[in-house]
Amino acid sequence: MKNTRRDFVKRSTMASAGLVLTPSLESKGMFNIFNEKKLKVALVGCGGRGSGAANQALQADENIELVAMADAFEDRLTESYNNLYEKYKDTGKFSVQEKNKFVGFDGYKKAIDLADVVILATPPGFRPAHFAYAIENGKHVFMEKPVATDVPGIQKVLKYAREAKDKNLKVVVGLQRRYQENYLAALEEIKKGAVGKLVGGQVYWNSAGVWVRPRKPEYTELEYQMRNWYYFNWLCGDHILEQHIHNIDVANWFLDEFPVSAQGMGGRQVRTGKDHGEIFDHHFVEFTYPSGAVISSQCRHQPGTYNRVAEQFQGTKGFVSTNDAAAAFLYDLEGNEIGRFENTSGHNPYQEEHNRLFKAIRENTELNNAEYGAKSTLTAIMGRMATYSGEVIKWEDAMQSTLQLVPDDMTWDTPPPVLPKADGFYEIPTPGKTKVL
Amino acid sequence: MKITTLMMVMILWVSLDQEPKAYTQRLPGSELEIEMVAIPSGSFQMGSKNPEDKDAYPQRKVSVDGFWMSSKEVTWELYREFLKRELDINAIKHENIQIDAVTGATIPYVDMGLGMGSEGSLPVANVTVLGASQFCKWLTALTGVYYRLPTEAEWEYAARAGSAGPYFFEDDGNLEEYAWFDENSGESYHEVGQKKPNPWGLYDMYGNVAEWTLDQYVEDAYQKEQVFHPITKPYPTVVRGGSYKDTAKELGSTVRMGSDLVWKVRDPQFPQSKWWNTDAAFVGFRIVRPVETPEIKEDNTFWIAID
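Residues numbered from 1 in each chain as written. Chains lettered and ligands numbered in written order. Predicted model: local features only at pLDDT ≥ 70, side-chain atom pairs only at ≥ 80, totals over all residues. Heavy atoms only, no water.

1. Let's talk about the nonpolar core
What tends to happen in soluble globular proteins is that the nonpolar side chains get buried as a cluster. In terms of nonpolar packing, the biggest core is built from 129 residues, with Phe131(A), Met143(A), Phe254(A) and Phe358(A) touching the most fellow members. It is helix H12 (residues 370-389) of chain A that provides the largest number of residues to this core, a total of ten residues. When we break this core down by domain, the ones giving at least three residues each are domain 1 (26-177) and domain 2 (182-345 + 369-400) of chain A. For Phe254(A), the contacting residues outside a window of four places in its chain are Tyr183(A), Ala186(A), Leu187(A), Ile190(A), Leu198(A), Phe313(A) and Thr322(A). Among the nonpolar cores identified, the runner-up in size contains 60 residues, and Val102(B), Val127(B), Val145(B) and Met257(B) belong to it. (Core = buried A, V, L, I, M, F, W, Y, C linked by side-chain atoms within 4.5 Å. Buried < 20%, exposed > 50% of the residue type's maximum accessible area, 1.4 Å probe, protein only. Helix = DSSP H or I, 4+ residues; strand = E, 2+ residues; numbered from the N terminus. Domains from an automatic or database assignment. Contact = heavy atoms within 4.5 Å.)

2. Focus on the interface of chain A and chain B
The interface is formed by 42 residues belonging to chain A together with 32 residues belonging to chain B. A combined buried area of about 3,200 Å² lies between chain A and chain B, and 54% of that area is made up of carbon and sulfur atoms. Inspection of the chain A/chain B interface yields one salt bridge. One salt bridge connects Glu187(B) with Arg340(A), and the closest N-O pair in it is separated by 2.4 Å. Residue assignment for the side of chain A that touches chain B shows that the elements contributing at least two residues are helix H2 (48-60), helix H3 (74-88), strand S11 (308-315), strand S14 (337-342) and helix H11 (349-363) of chain A. Its residues placed into classes, the side of chain A that touches chain B shows 15 nonpolar, 16 polar and eleven charged. (Buried area = accessible area lost by both parts, 1.4 Å probe. Salt bridge = Lys/Arg side-chain N within 4 Å of Asp/Glu carboxyl O. Nonpolar A, V, L, I, M, F, W, Y, C, P; charged D, E, K, R; others polar.)

3. Considerations on the confidence of the model for chain A
Averaged over all residues, the pLDDT of chain A equals 92, while 92% of them reach at least 70. With pLDDT under 50 throughout, residues 1-33 of chain A is counted as low confidence; its partners more than four residues away or in other chains account for 61 contacts. (pLDDT = per-residue confidence, 0-100.)

4. Focus on the UniProt feature "domain: Gfo/Idh/MocA-like oxidoreductase N-terminal" (unreviewed entry) in chain A
The sites that carry the UniProt feature "domain: Gfo/Idh/MocA-like oxidoreductase N-terminal" (unreviewed entry) are, in the present numbering, residues 39-166 of chain A. Span residues 39-166 of chain A is 48% helix and 20% strand, its end C-alpha atoms 21 Å apart. (UniProt positions renumbered as here; feature names shortened; annotations may be inferred.)

5. Overview of the sheet that holds strand S6 (residues 210-216) of chain B
Strands belonging to one sheet form pairs held by backbone hydrogen bonds; the direction of such a pair is parallel or antiparallel. Residues and elements named next belong to chain B. What the four strands build is an open sheet, ordered S8-S7-S6-S9; its pairing is mixed. With partners counted over all chains shown, the strands left at the sheet margins are strand S8 (256-258) and strand S9 (283-284), one partner each. With three bridges connecting them, S6 and strand S7 (residues 237-240) associate as antiparallel partners. Within the sheet, the bridge partner assigned to Gln216 lies in S7 and is Thr237. (Pairing = 2+ DSSP bridges.)

6. Some points on the sheet that holds strand S5 (residues 67-70) of chain B
All names here are of chain B. Spatially, four strands are ordered S1-S2-S5-S10 in an open sheet, and the strand pairing comes out antiparallel. Every interior strand has two partners, whereas the edge strands, strand S1 (23-26) and strand S10 (288-290), have only one. Across this sheet, the average inter-strand angle for adjacent strands is 25°, counted without regard to direction. For strand S2 (residues 33-39) and S5, the ladder comprises four bridges, and the chain directions are antiparallel. What sits directly across from Val37, in S5, is Met69. (Axes fitted to C-alpha atoms, helices over the stretch in contact; angles between N-to-C directions.)

7. As for the domain arrangement of chain A
Many structure descriptions define interface size as the accessible area lost when the parts assemble. All names here are of chain A. Splitting chain A by domain gives domain 1 (26-177) and domain 2 (182-345 + 369-400). Computed over C-alpha atoms only, the centres of domain 1 and domain 2 are separated by 26 Å. Each partner contributes to the interface: domain 1 provides 30 residues, whereas domain 2 provides 38 residues. Taken together, domain 1 and domain 2 are joined by three salt bridges. Of the charged contacts, one joins Arg227 and Asp75 as a salt bridge, the two residues approaching to 3.0 Å between their closest N and O atoms. Joining domain 1 to domain 2, the criterion identifies eleven residue pairs in polar contact (both at pLDDT 80 or more). Taken together, the elements giving at least two residues each to the side of domain 1 that touches domain 2 come down to H3, helix H6 (151-166) and strand S6 (171-173). (Polar contact = N/O pair within 3.5 Å; in protein donor to acceptor, adjacent residues only side chain to side chain.)

8. A closer look at the packing of aromatic side chains
Under the criterion given, the structure shown has 46 aromatic pairs over all chains. On the numbers, 5.4 Å between centres and 40° between planes, the contact of Phe254(A) with Phe313(A) is tilted. One end of the pair, Phe254(A), is in helix H10 (residues 245-255); the other, Phe313(A), is in strand S11, with 59 residues separating them in the sequence. This pair shows no difference in class: Phe254(A) is buried, exactly as Phe313(A) is. Centre to centre, the rings of Phe44(B) and Tyr157(B) are 5.3 Å apart; their planes meet at 45°, and the pair counts as tilted. With Phe44(B) in strand S3 (residues 42-46) and Tyr157(B) in helix H4 (residues 152-160), this pair connects stretches of sequence that are 113 residues apart. Look at Phe44(B) and you get buried, because its relative accessible area is 9%. Feature note: the residues Trp76(B), Tyr79(B), Phe82(B), Phe135(B), Trp138(B), Trp276(B) and Phe285(B) constitute an aromatic cluster, connected by ring pairs. Sitting over the ring of Tyr372(A), Arg178(A) keeps its end group 3.5 Å from the ring centre. (Phe/Tyr/Trp six-rings, centres within 6.5 Å; stacked < 30°, edge-to-face > 60°. Lys NZ or Arg CZ within 6 Å of the ring centre and 35° of its normal.)

9. Re the state of the cysteines
Between two cysteines, a covalent bond joining their sulfur atoms is known as a disulfide. Following the criterion strictly, the structure yields zero disulfides over all chains and no others. Of all cysteine sulfurs in the structure, the one in Cys299(A) sits closest to Cys236(A), which takes part in no disulfide; the separation is 11 Å. (Disulfide = S-S within 2.5 Å.)

10. What to know about the UniProt feature "domain: GFO/IDH/MocA-like oxidoreductase" (unreviewed entry) in chain A
As annotated in UniProt, the feature "domain: GFO/IDH/MocA-like oxidoreductase" (unreviewed entry) corresponds to residues 185-319 of chain A in the numbering used here. Taken end to end, residues 185-319 of chain A has its terminal C-alpha atoms 14 Å apart, with 21% of it in helix and 31% in strand.

11. Quick word on the side chain of Lys195(B)
Residue and element names in this part refer to chain B. On the secondary structure map, Lys195 appears in the loop between helix H5 (175-178) and S6. Buried charge without a salt bridge: Lys195, with Glu176 as the nearest opposite-charge side chain at an N-O distance of 5.7 Å. Here the side chain of Lys195 touches Glu176 through a polar contact of 2.9 Å, landing on its backbone oxygen. Other than its neighbours up to four places away in sequence, Lys195 contacts Glu176, Glu177, Tyr178, Ala179, Trp180, Asn184, Tyr203 and Asp204. (Lys, Arg positive; Asp, Glu negative; His and termini not counted.)

Pasting the structure below:
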């Protein structure tokens, strides 16, 4: 019995689906003239995920070096620096000099200035400003999802998505399901008509919730919100955005369109402490698409309840089920399984994102995820608008919103956009009263 | 202190008696319980008679001291108490191990049940051997009773329950009655204890989730005298019993598998989580309590600290 003994994958099925997988560590030798340039990478946002993205970037290309790091907090930067240094010190891929470690709100500019490729992995509220600066200055980008927390941020990302295209810059957005074998294989079958035309679906991210970083006496209000960022909308956008965007994006991707409207309900019933800021612990939204398809979206952060992170879609000739276990199943209208796809053992969609990015840079092929990244982020924002307000939110109205959650050009002296009330709790959105547009 | 003393007396009494009896471990401050089955001391032929089972061949005679083993795999319901750490206030206050000093696993960002459920009586899965071992340490600090993961020899001895062949039911049973595996699992783990137990009252020893042990995986271990191989590095570590994904041949009393870094390939963080895998929802664990309890102290070697 060996580890690889049962990959739980049907390779022949994958092959017959015509799926072209990328991997190309072996094809490195084939690179052309672009390969001679050593690519300099800057990491902006040095948390666990940013450090992970840097680690993947450094493995995606041989002629590459990390040259600069930026984070609002010195302790986060130092921890990330130490971990990456330890792994890469003898590889020639780690060249972050002391003077190129930038702490504070504006450090991203100095870090981006030094690089050819930038990794943007701060809390999402800052993404539009960071992305805009990177594209203005001609950098290729890997950025994590979501790409904004408010509509002015979305508009900015869309504007610079176009500019990136004009400048031939490559952009990958961290919606890794689009780089994951089971999803790619299922979509290939859908496109071939295996389940007919998709007319509806359900998408889920129901889980126990994520980390909390409690307030410490030495924190200012702004530092507290920055460290416990998950629970503040200007930074995080609520979990319908921060996590559930993955599943909402699968719906947009598989249906190949974006919704015209959203309506739903939500609230907070379990996660109600002071350290839980202002976000909801559950949302249920119906998204209606131009084709008439309706997607039901549910996301919940409540311990002890039913967990599900998955998507399913109904077609005119059958249905499709995809999930986080790296599997996809196709059924006919009688419920008989007609197709099944599982990831190859060892397949890592997060690594794949970086392999593809650097391959596109080296071979100068088109790769720009920014537009769909922005539009799927907006879809999730519409969902949040619908649950906070209790109103039907139309895409065209949402797109006009000028409500800005994130202050421009922040410093440690900028007043936080939200403040606790006298009792230490934050204002919670109330359907029927809260205005979102 | 009174409760601690009482506990010490109980343990002493059990040690003198040498014949462990089944008992129920209650989690203080909750309704949750763990059934502990008594496993008598004895010796057995460990390993496979079949030379084709390379890493489990040849057989050797191994003696095992008496212990208790949880009748079922540790469930999400139990493991979530370890994640929440709200029962700590009811913990036995121990001189040598403070519950506050037990490192807690992080709350995972993704659903570790991978769509198969991660609540109730479903078996906890996707935990690393560190996460499994630290649960034992936490349970010890909580209850004042010493718990740890089984060694590979203890696991096999308990699984065999006196049998000599590849399966404990030998010729008078079939695997489907005793195990969730690829032919009947629907590619999912199931609530613990749904199938028939083995002769010593242990459920799901084969299939459902494979189970962590305290041994480093050494492929030619059985060709040497050393029986126990303490874990000195994270990979590979032995898991036993096979899982819902495995074929009948991959289940049984002797089948060994070593852990692999690929089990956490989709952890996008750096450094990767010490507590969670991402692609090993087929691995969980069960706990044991030896009759001869070592002194309960912080650096007990059986509570491994490596990730």
